[in-house]
Amino acid sequence: MNAALRRFALPLALMSAAGCPAQASVDAPASPSQPWVPVGAGAYTKAVPAEEPAVPSRDLTLGDLIDLALRDNPDTRSSWQVAVQAASTLNKATGAFLPQVSVGISFSKQYQKTDGALAAGSLSVPELQIVNSPGVFVSPSANLSWMLWDFGASKAGRDAAKAGLIAANFQHNRTLQGVVRQVQGAYFSYDSARGALAAADAAADLAAANLNQMLVKRRSGLAGLADEMQTRQSELSARLQREQARLGFEQAKAQLYELAGLPPSAHVTIAEQPAGTETQPALAAVDSLVRQALATRPDIAARYAKVAALESDLKRTQRSFLPTVAFQASANRLRGEQAYLTSSGVNNPSAVQQASVSRYTTAGHIDTVSGGIAINANLTSLFAYNQAMKSKRAELDAAKSELDQAILAAEHDVWMAVDACQSARTQYEEARELLEVSQKAYQASVQARDSGLQSSIELLQAQQALAQARYTLVDARSRMFTSAANLAFATGSTPMGSAPSGG
């Protein structure tokens, strides 16, 4: 073993004996827009580049909108900062296993002046001054303190900090899922409003075409005034619904832009939901989805981690009142220089003139080295210990109650989301059939009116039924997508920053 290795052999051995980990195994997410990857699940994510394009030049898909929303979202940035603070707390707790080293140096200068008289028997020289010249002192020092044993209080503190960081990381993941879910809901509402506007345009165009035909018949004497007025009424109603649909579309677009961080004046094109994404695989059993939710939802995992953190903190509080064993060492050198002024030669009372003054200087240093084992005991009163333990136990019990409530709420969320998803899928299939039947009914009414077998009033009723069927299908399609997103959020499978299926 060479000299360098021998130099570090003892510190490494002491660190191992003190239980100091080689490195922290948990860290905060890399950036506000990135999820946390649990330990053992792969490499940590990398930070988003500082310079990003404001808006992609192509049509924005649902995945693009999610990325824009996550980039500067205040909720994700806030949860990320909480995780970063928790990571700093863990690093600080890890520092308890390391030796505490301090160095210092002090400078001082002394100046002493003494007025007096030289005396020898009955003779004296009262005007003589005796002066000690200035002294300069330099004192460098170094101190080492290393905790060797504290009955696991430091380890419990680090375990609490680590669990707190894991809880913050999981909560950050849930925040990401929440933002993704908000953007999904806004996108599906926008897509529904766009479909409703298209349906309103089709209904208004159809109503306008029927009004033109009615006016031709009216001029030819084949229709009466009542038929014309009812047709005009239907056409005006269709135009009103189209304006309402336009307003709903603009409001849905504004909400989507706001969540994505786009200004209202942004000139972008939102891609439509791809065709064919309406058909989804069969739902798994509810019990299986509940187990999936309890195993994968980040908010449930965060509450488990919070309980673990409080349990470790309770253990740390218990053991903080026990004695500690530490190795302490110090080294100090006092180096100084001082000049002295003395008198001599006044031995003969009759020879005052023989008195003389001499000056000399002393310099040197004093080294002091000490080391040993220190045992410290906390003599805090039993009352303070009991109160601290009561507070920690109450906080832990509250966290356990919150965990139980969160598990129960998650189960209810899954059950309700499954019911809503199944119902929305059924309603969508029925809405498609309703539209097909309404289109056939309208074509039959047109033929019957042209053949004189039906009145214009019956045709208008078929026209309104067809328009309503279009609205119903658009709404059912939107609710089916929304219910699927709600189910993914309830089970904890909402993607975090990646484009969802169909987006």
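Residues numbered from 1 in each chain as written. Predicted model: local features only at pLDDT ≥ 70, side-chain atom pairs only at ≥ 80, totals over all residues. Heavy atoms only, no water.

A separate point is the nonpolar core. Soluble, globular proteins show a tendency: their nonpolar side chains are buried together. Among the nonpolar cores identified, the biggest contains 30 residues, and Leu65, Val183, Tyr187, Leu256 and Ile270 are the most heavily contacted of them. Elements with a contribution of two residues or more to this core: helix H2 (62–71), helix H4 (153–220), helix H5 (225–260) and helix H9 (456–491). With 12 residues, H4 is the single largest residue contributor to this core. Setting aside anything within four residues of it in sequence, one finds isoleucine 270 in contact with Leu60, Leu65, Tyr187, Tyr190, Arg194, Leu256 and Tyr257. Counting residues in each nonpolar core, the second largest holds 14 residues, with Ala424, Ala431, Val446 and Met480 among its members. (Core = buried A, V, L, I, M, F, W, Y, C linked by side-chain atoms within 4.5 Å. Buried < 20%, exposed > 50% of the residue type's maximum accessible area, 1.4 Å probe, protein only. Helix = DSSP H or I, 4+ residues; strand = E, 2+ residues; numbered from the N terminus. Contact = heavy atoms within 4.5 Å.)

Turning our attention to the packing of aromatic side chains. Evaluation of the coordinates by the stated rule reveals five aromatic pairs. Residues tyrosine 187 and phenylalanine 188 carry aromatic rings whose centres are separated by 5.8 Å and whose planes lie at 65 degrees to one another, so their mutual orientation is edge-to-face. Residue tyrosine 187 shares its accessibility class with phenylalanine 188, and that shared class is buried. Between tyrosine 190 and phenylalanine 249 the ring centres are 5.2 Å apart and the planes differ by 35 degrees, which places this aromatic pair in the tilted class. Remark: phenylalanine 249 occurs in helix H5 and tyrosine 190 occurs in helix H4; sequence separation between them is 59 residues. One aromatic cluster is present, formed by Tyr187, Phe188 and Phe481 through successive ring pairs. (Phe/Tyr/Trp six-rings, centres within 6.5 Å; stacked < 30°, edge-to-face > 60°.)

This part covers helix H3 (residues 74–94). For H3, built from 21 residues, the straight-helix expectation of 30 Å at 1.5 Å per residue is met to within 8% by its first-to-last C-alpha distance of 30 Å. Taken together, the buried positions of H3 are Thr76, Ser79, Trp80, Ala83, Ala86, Ala87, Leu90, Ala93 and Thr94. Taken around the axis of H3, the buried residues stretch over an arc of 130 degrees, which confines them to a single face. Away from its buried face by more than 90 degrees, H3 exposes Pro74, Gln85 and Lys92. Of the surrounding secondary structure, the elements contacted by the buried residues of H3 are H2 and H4. Measuring from the backbone nitrogen of aspartate 75 back to the side-chain oxygen at the start of H3 gives 2.8 Å, which picks out asparagine 73 as the cap. (Expected span 1.5 Å × (residues − 1). Arc of directions from axis to C-beta. Polar contact = N/O pair within 3.5 Å; in protein donor to acceptor, adjacent residues only side chain to side chain.)

This part takes up the pattern of salt bridges. Counted according to the given criterion, the structure contains 17 salt bridges. Residue arginine 333 pairs with aspartate 367 through a salt bridge whose shortest N-O separation is 2.6 Å. Here arginine 333, found in strand S5 (residues 324–344), pairs with aspartate 367, found in strand S6 (residues 356–376); they are 34 residues apart in sequence, far enough to count as distant. Under the relative-accessibility criterion, aspartate 367 is labelled partly exposed at 43%. Put simply, Arg174, Arg297, Asp299 and Asp413 are held in one network by salt bridges that share partners. (Salt bridge = Lys/Arg side-chain N within 4 Å of Asp/Glu carboxyl O.)

Relative to the helices and strands, serine 438 resides in helix H8 (residues 382–450). Expressed as a C-alpha distance, the spacing of serine 438 and glutamine 464, which sit 26 residues apart in the sequence, is 9.5 Å. Excluding residues within four positions of it along the chain, serine 438 makes contact with Ala465, Leu466 and Ala469. A distance of 2.8 Å separates a polar atom in the side chain of serine 438 from the backbone oxygen of leucine 434.

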